Amino acid sequence: MSHTFSNSNPIGIVSTFWELINTDFKGENNALCWCRNLEGNFNEIVEQLQLKENITQVDPQDLLALQLSEKGNKAREIILNDFRLLTDFGASPSLNLLKCYERDDEYDFISTDVYSYHVDRSPIATDTFLCTYHGAASDIIANKQAEQKVLIPEIRKKLKELHNGPSEEFEHFLEENYFDLHYQAQPYATPINLGLGHLWRLAVDHPQQKVLPCIHRAPIEKEGEYRLLLIC
């Protein structure tokens, strides 16, 4: 990792998958990183995969069908092993070849797409796992460096106009349309890039969660470059 982390930083560093899944979030820590310097040619895999849509899900069988060099095969083995680790843990990993995500341009005063800082929510206790093997990587920011967009007065006023219903139903309206999941970074905020090859576990908003959910966003893709992302 290229960052120096302080005690007030949201990130905890671990060195094994076992630590990643068994370390509790606490205090301001709501992101755990299994730091890895991966060997292998992930670009070779990306070049051989076929992008069918802006987001194409890649199955392990698709990876196994590729004819790869020794370095390409090493990269494939790393991805397949991550798949096995997460699946054995009980997660449902998905490997995505990404050109771009869908943009939300319905409203000019608030965005609800994944390029906007946001948190994940679940009705059950779970975490978000992700690893970027190739291409641009996501960012996270500390919760104290961001403000919930629905609490910003000018945005809240426009959302109330959009709701145009009973005031007691307004909070439900915000949740139903995912407005309350999105955040605006403070001018002094310092985004932390998740980098390549590291496997991350991010805290999710759910009923049993003891820490604040991790605020993150998808990166703007580099021109002409696809991302290869494992997520669950």
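Report follows, based on the coordinates.

Rules and cut-offs
- Residues numbered from 1 in each chain as written.
- Predicted model: local features only at pLDDT ≥ 70, side-chain atom pairs only at ≥ 80, totals over all residues.
- Heavy atoms only, no water.
- Helix = DSSP H or I, 4+ residues; strand = E, 2+ residues; numbered from the N terminus.
- Expected span 1.5 Å × (residues − 1).
- Buried < 20%, exposed > 50% of the residue type's maximum accessible area, 1.4 Å probe, protein only.
- Pairing = 2+ DSSP bridges.
- Right-handed = clockwise from strand over helix to strand, strands pointing away.
- Contact = heavy atoms within 4.5 Å.

**Notes on helix α4 (residues 70-89)**
Its 20 residues give α4 an end-to-end C-alpha distance of 29 Å, which sits within 8% of 28 Å, the value for a rise of 1.5 Å per residue. When we look at burial in α4, the residues that qualify are Gly72, Ala75, Arg76, Ile78, Ile79, Leu80, Asp82, Phe83 and Leu86. Among the residues trailing α4, Gly90 stands out with phi positive, at a value near 110 degrees.

**Quick notes on the environment of Leu63**
For Leu63, the position within the fold is in helix α3 (residues 60-64). Once the C-alpha coordinates of Leu63 and Asn73 are considered, the two residues, ten residues apart in sequence, prove to be 9.5 Å apart.

**Describing the pairing of strand β5 (residues 127-134)**
Judged by how many residues are buried, β5 sits mostly within the fold: eight of eight residues are covered. Looking at chain direction, β5 and strand β10 (residues 199-203) are connected through four bridges and run antiparallel. Bridge assignment links Thr128 to a residue of β10, and that residue is Leu202. Judged from the four bridges that link them, β5 and strand β12 (residues 227-231) form a sheet pairing that is antiparallel. When the sheet's bridge partners are listed, Leu130 is paired in β12 with Ile231.

**Comments concerning the sheet that holds strand β11 (residues 215-217)**
Ordered by their spatial adjacency, three strands build an open sheet running β9-β6-β11, and the pairing between neighbours is antiparallel. A strand with exactly one partner marks an edge of an open sheet, and here the two such strands are β9 (192-193) and β11.

**A few points about the pairing of strand β2 (residues 31-34)**
In β2, alternate side chains face the same way, and those of Ala31 and Cys33 on one face and Leu32 and Trp34 on the other are all buried. One ladder, built from four bridges, connects strand β1 (residues 11-14) with β2; its direction is parallel. Across the sheet, Ile13 pairs through a bridge with Cys33, a residue of β2. In this fold, the crossover linking β1 to β2 by way of helix α1 (residues 17-22) has right-handed handedness. Strand direction decides the pairing type here: β2 and β10, joined by four bridges, are antiparallel. Following the sheet pairing, Ala31 is matched in β10 by Leu202.

**Observations concerning the environment of Gln57**
One can find Gln57 in strand β3 (residues 55-58). It is 5.8 Å that separates the C-alpha atoms of Gln57 and Leu95, two residues lying 38 residues apart in sequence. When residues no more than four places from it in sequence are discounted, the contact partners of Gln57 are Asp62, Ser94, Leu95 and Asn96.

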